[in-house]
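Coordinate analysis (summary)
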Amino acid sequence: MRGRYKGWTPSYIDAHPSFSPRSIDPSDPFYEGRLVLEIGSGKGGFLVKTAALHPEIHFLGLERDVSSCGSAVKKAVEAELPNIRISNLDFDEAYEALENLSFEEIHVHFPDPWPKRRHAKRRLVYPERLKKILSLLAPGGRLEFRTDNDDLYAYFLESYPLAGGRLVEEPYPSEEAMSEYEERFRSEGMAIHRAYLERM
Ligand SMILES: C[S@@+](CC[C@H](N)C(=O)[O-])C[C@H]1O[C@@H](n2cnc3c(N)ncnc32)[C@H](O)[C@@H]1O
């Protein structure tokens with residue numbers, strides 16, 4: 001979902017390549033050790049708060065919208081967090097490089113629902129894409145999915161078995177950090193679905 005275009009963001013991203021590299025180089029020492037991925041980081045609220053809580057883990061966010069990505073990068077820069085990167089990349093575009101990495105957690109929070117059936121292939125949890133996402137999990141790793149959207153949640157419940165996922169009942173590890181969307185939805189009293197997947 002595209003918000004208002006913020007003209008300052010492309011040059012801000014370019015000025016902070018260590019926080020927001022243009023591409024993912026799997027041989028970069030940043031990607032050694034424990035890794036967490038968020039796909040569709042939006043304005044970065046979840047990722048930046050979680051990275052501040054876990055300096056021992058490296059966090060990579062992907063956000064394809066330049067304005068949202070710029071806002072997220074600004075948060076990471078201002079928090080002076082050396083363990084976070086947020087790249088202005090689409091997941092599909094980044095996948096080839098990501099295949100060389102493995103993540104102990106992957107977060108997909110409040111992805112665009114693409115409600116029209118003819119747009120189902122655009123959903124992050126479309127089975128073929130979800131399968132690719134799950135393939136990036138390290139052994140024992142988990143994907144966390146959050147959404148306010150009942151129809152998208154129903155679609156996710158149909159999609160994950162086709163993608164080779166298995167539902168895990170207990171939260172892992174239960175982080176209460178929230179994204180901008182989640183804070184807004186909760187303040188409006190909306191119910192939030194959360195689900196955790198392992199790779200079969
Ligand atoms: C509805 S917003 C939610 C943002 C954030 N996760 C939150 O909860 O506040 C969904 C975001 O996912 C991004 N997005 C959607 N598909 C993506 C993809 N294939 N790769 C990277 N980002 C994507 C959109 O640009 C948008 O900023």
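These remarks concern the structure in this document. Bear in mind that the values here come from a model prediction, so they are computed numbers and not experimental data.

**Quick word on the packing of aromatic side chains**
A complete count under the given rule lists nine aromatic pairs for this structure. Relative to F156, the ring of Y153 has its centre 6.0 Å away and its plane inclined at 20 degrees; by these criteria the two rings are stacked. With a gap of three residues between them, Y153 and F156 both fall in helix α6 (residues 150-162), about one helical turn apart. Classification of Y153 by relative accessible area gives buried; the value is 16%. Relative to F185, the ring of Y181 has its centre 5.7 Å away and its plane inclined at 70 degrees; by these criteria the two rings are edge-to-face. Of the two residues, Y181 and F185 both sit in helix α7 (residues 180-187), four residues apart, roughly one turn of that helix. An aromatic cluster is present here, built from F145, Y153, F156 and Y160 joined pairwise through their rings. Positioned above the aromatic ring of W114 is the side chain of R122, whose terminal nitrogen or guanidinium carbon lies 4.8 Å from the ring centre. One cation-aromatic arrangement involves R123 over Y155; the distance from NZ or CZ to the ring centre is 4.4 Å.

**Focus on the pattern of salt bridges**
Overall, the coordinates contain 15 salt bridges when judged by the stated rule. A salt bridge links E182 to R146, with the shortest nitrogen-to-oxygen separation between them at 2.7 Å. A residue pair is termed long-range when its members are at least 10 positions apart, and E182 in helix α7 and R146 in strand β5 (residues 137-147) qualify at 36 residues. When its relative accessible area of 0% is taken as the criterion, E182 is described as buried. With a closest N to O distance of 3.4 Å, E182 and R194 form a salt bridge. Highlighted residues: E182 in helix α7 and R194 in strand β7 (residues 193-199), separated in sequence by twelve residues. When salt bridges with common partners are traced through the structure, they connect E144, R146, E182, R186 and R194 into a single cluster.

**Here we look at the packing of helix α4 (residues 91-98) against helix α5 (residues 127-135)**
The description of two helices packed together rests on the angle between their axes and the distance between the axes. Following both chains from N to C, one finds α4 and α5 inclined at 35 degrees, their axes separated by 11 Å at the closest point. Both α4 and α5 take part in a crossing whose hand is left-handed. For the pair formed by α4 and α5, the contact residues are F91, D92 and Y95 on the first element and R129, K132, I133 and S135 on the second.

**Quick look at unusual backbone geometry**
A positive phi angle, close to 55 degrees, is found at F110, a residue other than glycine. With respect to the helices and strands, F110 occurs in the loop between β4 (103-109) and α5. Unusually for a residue other than glycine, W114 sits at a positive phi of about 40 degrees. By the secondary structure assignment, W114 is in the loop between β4 and α5. Taking relative accessible area as the criterion, W114 reaches 24% and is therefore assigned partly exposed.

Rules and cut-offs
- Residues numbered from 1 in each chain as written.
- Predicted model: local features only at pLDDT ≥ 70, side-chain atom pairs only at ≥ 80, totals over all residues.
- Heavy atoms only, no water.
- Phe/Tyr/Trp six-rings, centres within 6.5 Å; stacked < 30°, edge-to-face > 60°.
- Helix = DSSP H or I, 4+ residues; strand = E, 2+ residues; numbered from the N terminus.
- Buried < 20%, exposed > 50% of the residue type's maximum accessible area, 1.4 Å probe, protein only.
- Lys NZ or Arg CZ within 6 Å of the ring centre and 35° of its normal.
- Salt bridge = Lys/Arg side-chain N within 4 Å of Asp/Glu carboxyl O.
- Axes fitted to C-alpha atoms, helices over the stretch in contact; angles between N-to-C directions.
- Left-handed = near helix turned anticlockwise from the far one by under 90°.
- Contact = heavy atoms within 4.5 Å.

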